[in-house]
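What follows is each chain in one-letter form.
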Amino acid sequence: MILQALCELYDVLAADKNVEIPLSNYSAVECSYRITLSPDGSVVGCVELGNENKKTEKHTVPEHEKRSSIRPYFLCDTPKYLLGYEVETDKTTKQIEFIPRQDWIRASLAYHRELIGDSSDEGLRAFLLFLEKQVSRPGNAFPKDMYTGKNLIFQLDGDQNDIHDRPATKTIWEKFRQQPSPDELCEQCLVTGEPNVPIAKTHNSVTISGGKGTGCSLVSFKPDSFTSYGKEQSYNAPVSKNAAFKYITVLQHLLDSPDMHSKIGETRVVFWATKTGTEQSILAQFFPSNKMEKRDPRMTEKIENIMKAIRAGKSFCDIADPSVETYVLGMSPNAARVSVRFWYTSTFEKFMRNMTSHQDALGLKNRYGEVRSVSITEILRRTVPSAVTEWWEKCPNSLEQSLYNAILTGAPYPISLYMTMLMRIRSEAGMVPKKAASAKKEMQGKKKGEKTESSETDGIDFVRVGYIKAVLCRNFKRDDVTMSLNLKSTNKAYTIGRLFAVLEKLQYEANNDSTIRSRYFASASTNPKLVFPSLLNLAQHHIAKVDSEKDGYASKYYDADISKLLWNLDNEFPATLNLEEQGLFILGYYHQREYYYMKKEDKEKLKLEA
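Definitions and cut-offs
Residues numbered from 1 in each chain as written. Predicted model: local features only at pLDDT ≥ 70, side-chain atom pairs only at ≥ 80, totals over all residues. Heavy atoms only, no water. Helix = DSSP H or I, 4+ residues; strand = E, 2+ residues; numbered from the N terminus. Contact = heavy atoms within 4.5 Å. Buried < 20%, exposed > 50% of the residue type's maximum accessible area, 1.4 Å probe, protein only. Pairing = 2+ DSSP bridges. Core = buried A, V, L, I, M, F, W, Y, C linked by side-chain atoms within 4.5 Å. Polar contact = N/O pair within 3.5 Å; in protein donor to acceptor, adjacent residues only side chain to side chain. Salt bridge = Lys/Arg side-chain N within 4 Å of Asp/Glu carboxyl O. Expected span 1.5 Å × (residues − 1). Axes fitted to C-alpha atoms, helices over the stretch in contact; angles between N-to-C directions. Parallel < 35°, antiparallel > 145°, perpendicular 65-115°, else oblique. Nonpolar A, V, L, I, M, F, W, Y, C, P; charged D, E, K, R; others polar.

1. A short note on the overall build of the protein
Assigned secondary structure in the protein consists of 21 helices and 12 strands. Considering only residue pairs separated by 6 or more positions, the protein has 70% of its internal contacts joining residues 24 or more positions apart.

2. Focus on helix H8 (residues 278–286)
Across the 9 residues that make up H8, a large majority, 7, are buried. If you check which residues of H8 are buried, you get Glu-279, Gln-280, Ile-282, Leu-283, Ala-284, Gln-285 and Phe-286. On the buried face of H8, the contacting elements are strand S10 (267–273), helix H9 (297–311), strand S11 (325–334), helix H10 (348–362) and helix H11 (376–381).

3. Regarding the pairing of strand S1 (residues 26–37)
The element S1 is extensively covered by neighbouring structure, given that 11 of its 12 residues are classed as buried. Where S1 lies against strand S3 (residues 57–62), 6 bridges are found, and the strand directions are antiparallel. Paired with Val-29 across the bridge in S3 is His-59. Where S1 and strand S6 (residues 151–156) come together, 6 bridges link them in parallel fashion. Note on S6: the bridge partner recorded for Thr-36 is Gln-155.

4. A word on the nonpolar core
The nonpolar side chains of a soluble globular protein tend to be buried with one another. Membership of the largest hydrophobic core comes to 99 residues, with the highest contact counts inside it found for Phe-287, Met-352, Tyr-467 and Phe-532. Counting residues per element, this core draws most heavily on helix H16 (residues 492–510), which supplies 10 residues. Contacts of Phe-287, omitting those with residues within four sequence positions, involve Ser-262, Val-269, Phe-271, Val-328, Phe-351, Ile-376, Tyr-404 and Leu-408. Formed by 37 residues, the second largest nonpolar core is a distinct cluster that contains Ile-2, Leu-9, Ala-244 and Tyr-247.

5. Some remarks on the side chain of Glu-63
Here Glu-63 lies in the loop between S3 and helix H2 (79–82). The exposure class assigned to Glu-63 is buried, which follows from its relative accessible area of 9%. In terms of polar contacts, Glu-63 uses its side chain to reach the side chain of Arg-177, at 2.8 Å. Discounting chain neighbours no more than four positions away, the residues touching Glu-63 are Asn-25, Tyr-26, Ser-27, Tyr-73, Trp-173, Arg-177, Asn-204 and Phe-245.

6. Considerations on the pattern of salt bridges
Per the counting criterion, the structure on display carries 22 salt bridges. Note that Arg-177 and Glu-63 form a salt bridge whose closest N and O atoms lie 2.8 Å from each other. Taken together, the positions of Arg-177 in helix H6 (residues 167–178) and Glu-63 in the loop between S3 and H2 put the pair 114 residues apart, joining distant regions of the chain. Look at Arg-177 and you get partly exposed, because its relative accessible area is 24%. Each member of the salt-bridge network shares a partner with another, and the members are Glu-63, Glu-65, Arg-71 and Arg-177.

7. Structural notes on the environment of Asn-236
Along the chain, the position of Asn-236 falls in the loop between strand S8 (197–198) and helix H7 (241–256). Taking C-alpha positions, Asn-236 is 19 Å from Lys-246, a pair spaced 10 residues apart along the chain. Discounting residues that sit within four places of it in the chain, Asn-236 has contacts with Phe-221, Phe-226, Thr-227, Ser-228 and Lys-231.

8. Considerations on helix H12 (residues 397–409)
Between its first and last C-alpha atoms H12 spans 19 Å; for 13 residues at 1.5 Å apiece the expected length is 18 Å, and the two agree. Among the residues making up H12, those that are buried are Leu-399, Glu-400, Leu-403, Tyr-404, Ala-406, Ile-407 and Leu-408. Of the residues flanking the end of H12, it is Gly-410, one or two places downstream, whose phi is positive at about 85 degrees.

9. Section: the sheet that holds S10
Within the open sheet, the 4 strands sit side by side as S9-S10-S11-S12. Their pairing is antiparallel. Each end of this open sheet is capped by a strand with a single partner; those strands are strand S9 (261–264) and strand S12 (337–347). Mean inter-strand twist for the sheet, computed between neighbouring axes without regard to direction, equals 20 degrees. When S10 meets S11, the two strands line up antiparallel, connected through 6 bridges. Following the sheet pairing, Val-270 is matched in S11 by Leu-329. Relative to S10, H7 is tilted by about 110 degrees, and along the sheet it contacts S9, S10 and S11.

10. Examining the packing of helix H18 (residues 528–550) against helix H19 (residues 553–568)
Packing of H18 against H19 brings their axes to within 7 Å, and their N-to-C directions diverge by 155 degrees. Put simply, H18 runs roughly antiparallel to H19. Packed against H18, whose contacting residues are Leu-536, Ile-543, Val-546, Asp-547 and Lys-550, the element H19 presents Tyr-553, Ala-554, Ser-555, Asp-559, Ile-562 and Leu-566 at the interface. Split into classes, the residues belonging to the contact of H18 with H19 amount to 7 nonpolar, 1 polar and 3 charged.

11. A few points about unusual backbone geometry
For Leu-75, which is not glycine, the phi torsion reads 65 degrees and is therefore positive. Along the chain, Leu-75 turns up in the loop between S3 and H2. Residues other than glycine seldom take positive phi values, yet Lys-477 does so here, at roughly 55 degrees. Secondary-structure assignment places Lys-477 in the loop between helix H15 (462–474) and H16. Lys-477 sits in the exposed class, given a relative accessible area of 66%.

Written as C-alpha cells, this is what we have:
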C-alpha cells in the first residue's frame, strides 16, 4: 500500500509542470564540483557548487542505482571513479593520505567507452579523453577538497549545459536503458499489477537525516533468513524496475521538500495529498518541524474556515476538495534501513474532521477570547522541560506514534503523555515564580491593549493544559469540560483548582516577592487536604493586609469568592486526587487564572450563561 501510494504520487508530480522531479532512468543527486573541459579533454577550470551553508547542489543525472561493488555511473560519479583517487585520514597519525583507485577509474573508462562508442558529440568525446588522461596521469592534480567531496559533473568549455544534459547524452542513455539485461527476471509487479515486467533485483536508497551516509533502504533483503524459495535479494518481493524507481524518487522528493516533510526527534514524517495545491498546503500547517516555523496566515484562515464549516455541518468544497486522498508516513533511520513508524491514509474530509475534533478537544480560550490551533510538534515540545533547547532528543519516541494515532484516527489519547504533562506542570509550576511586578506589568499591558501570555513563564501553558483538557473530554468522557471558566461546575477537583488560583491572586495583591504556587502547587494538586487548611489561614492575613491598603477591597471580592467555592466543597477537602481529578484541578486553576485578566464584558457574559 505504501509503495503503491508513492508511485501514484510520482505520476501526479511528474504531470505537474510546476514540480521538478527526475523522470524515469534519472536521479537527483548531490554534486560537489563542476569541471570544465576543453575539446581535447584538458581541464579548463573547476567550480565548487553549493553555498556557505551547504557545499553541494542537487542535479538530475543519469540514474544512480544502488551498488555494492565496483560499478560506475554515467557522466556523474564520485572522485575515485573519475579522478582515480580518494582521500582517507590515518587513524593513528591523523594525516591525510591520497589513496589511488586505479581499478575504479579503469572500470569507469571501460564503461563509458562502451556506452559512448563512436559518438561524434564533442562533449562526450571530451569526457572520454579526460578519463584517458586521468588513467595515465600519475599523482593527484586537483585540490584536496575535490577528492573529499561527493559527485562530480562536467561541462564543455563555452557550453551552458552540463555534458549529462546534452541531447546526444540523453539519446545514448535512454537507448542503453531500454536494452534488457541478459540475467533480468520478468514477473508480475506486486505494486502495479503489470505482468511480465523486469523486476528490480535491488532497490535504491534514500538519503534521510540521521541515517547512513550512503543512504537507507526501504525495501531490502540481505541475510538468508529474510529470503525464501531460493530467491535472491529483492526478488523475494517482486517490484518492477519502473515502480521501484518511482517510489524511491518520490520518497526522496518528499524528504527534500520542506512543505511535504517534517522532522520530529528521530522520526521523519512525510505527508501528501494526491492533488497539488491547497490541500497539500493545509497539510503542511499541521506538521511543522522541530523549529516550529511561522504559520502561513492565509492557510491558517482557510483551516479556520474549513473547521467552522465542519462544526456547522456544511460543505467546504469552495475551499478545498474533500475527496482528495491524504497520506501520512512516519519513518526513522535504522543503520542502512528505513523503519516505518506509522502509516495513515484517509480522505481530506476525514482528515480535517479528525483534526477539527482534536482541536475542539484541545481548545482553550485565552484571556482575550481567542482559541488558537495547536500543532503536533507543540504538544511533543511540552513533554520535556521548558529550558531544554534540543527538546526532540529528550522526547520519548513511544509518545510520537501514539499521539499521531489519536489525532489522525480519533482514537483515545495516550495516557502516558497525559501523565507526562501532569508531571511537567507539577515540576515547573514553581520554578519561575511570578513576581508581583510581572503581574502589574500584565495589567498595564492589558490596559494598553497589549497581549501578554503569563502562562508561558511557569510551565502551566495553554498547550499542556489543552492536552489535559483533550484527554478529559475524549478519554474520560467528561461533558462538563469547557474552553473557558465553567461557573456552573460543582466538581470538587475543578473547584479546588479554582480556589488555588483565587488564593494565589490574593497573594499577588498582598505580597511582592513570593507566591504559594512555588511552594504548594504540586501538593495541592495531589493531596489537597494536607495543604489547603494552611493556605486558608494564610489567606486571612493576606486579606487583612490588602484591606488595610485598599479600604476593604480584599474582603469585598476575594473573601466572597473563597466563601462561594468553599460552599461547593461542603468545607471538606479530599485527601487525594486521582489522575482524572488532577487534570480537573489544573484545568480549574488555569481557567480561574485566565478569568481574572478577561475583559469586563466577557466576564459578564460568562455570569449570564451560568
